[in-house]
Amino acid sequence: MNDLNFLRLIFELGGSFQNVNNIDLAVKANVSKASISDRTQHLAKLGLVKYTKYYGTKLTKKGLNAVIPLIQQHRLIETWLYEKLNIPLSDIYEKATKLSDHPDLLLIDRLNIYLDYPKICPHGNVIPINCSVPEFPKHSLLSDQDISDTTFKIINFTEDNYLFKILNNIDIKLSDEIQILNLNNYDHSMVVLNLRNNLKQILPKNITKMIRIEKIKTMEKSV
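Residues numbered from 1 in each chain as written. Predicted model: local features only at pLDDT ≥ 70, side-chain atom pairs only at ≥ 80, totals over all residues. Heavy atoms only, no water.

Chemist: An account of unusual backbone geometry is requested, with residue identities and associated values reported.
Modeler: The phi angle at Tyr54 is positive, at roughly 75 degrees, despite the residue not being glycine. Mapped onto the secondary structure, Tyr54 falls in the loop between strand 1 (49-52) and strand 2 (56-59). Backbone geometry places Ser175, a non-glycine residue, at a positive phi of 75 degrees. Among the structural elements, Ser175 can be located in the loop between helix 7 (161-170) and strand 4 (177-183). (Helix = DSSP H or I, 4+ residues; strand = E, 2+ residues; numbered from the N terminus.)

This is the structure we're talking about:
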């Protein structure tokens, strides 16, 4: 994996506005934690990331500027594959990754014109440059929540091929409204009720930490 694509992984884990720990990066990149340490130190020397011991890695302004065109292209290709070629949602991340090794400004321009400058990719994430990159509030991940009567709406997913395969199998989708019924203190898994299909589902923490949610006000809840 080249440096630019490694920066993309950091961005996808929220590294534009928060520190990303090495364990999450190792899982996403499918490499050892030691390899992640070597790579982040290398990128830090180039001024592309800031690494803080025990806290993790965050993109610098230089790193963010370097990776934004690749993120834009990757998510435009996802949108094209899903909306125009009818590729299943569970497959578009992997295919877009294979088709987007380096940013091509002409390709980005043509895709934007063809797709009419979309702002959100099919997984609910913003397409940079077409839309400003958000800084999500703390505790906006499903894994951060506790048992309550609150109804949450799924607003986006961390872009991860493993995650999308799992979501396809368990029937959880973008914009689903869910309630948290139970938490397992041993393995931090979560039981949720999906109000779209009325199914109770057990979600392990490695899944809940990749789902971002927002609270739904009472007047916004589905009837």
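Chemist: Can you explain the side chain of His123? Please cite residues and give values.
Modeler: Looking at the secondary structure, you find His123 in the loop between helix 6 (105-115) and strand 3 (151-157). Take His123: its relative accessible area is 1%, and that puts it in the buried class. Side chain to side chain, His123 and Glu78 meet in a polar contact 3.3 Å long. Excluding anything up to four places from it in sequence, His123 contacts Glu78, Leu89, Ile92, Tyr93, Asn156, Phe157, Glu159, Phe164 and Leu174. (Buried < 20%, exposed > 50% of the residue type's maximum accessible area, 1.4 Å probe, protein only. Polar contact = N/O pair within 3.5 Å; in protein donor to acceptor, adjacent residues only side chain to side chain. Contact = heavy atoms within 4.5 Å.)

Chemist: Could you give an account of the environment of Leu9, naming the residues involved and the relevant values?
Modeler: As for its placement among the helices and strands, Leu9 is situated in helix 1 (residues 3-12). Taking the C-alpha atoms as reference points, Leu9 and Leu25, 16 residues apart in sequence, are found 7.3 Å from one another. Non-local contacts of Leu9, meaning those with residues more than four positions away in its chain, are made with Met1, Leu25, Lys28, Ala29 and Tyr93.

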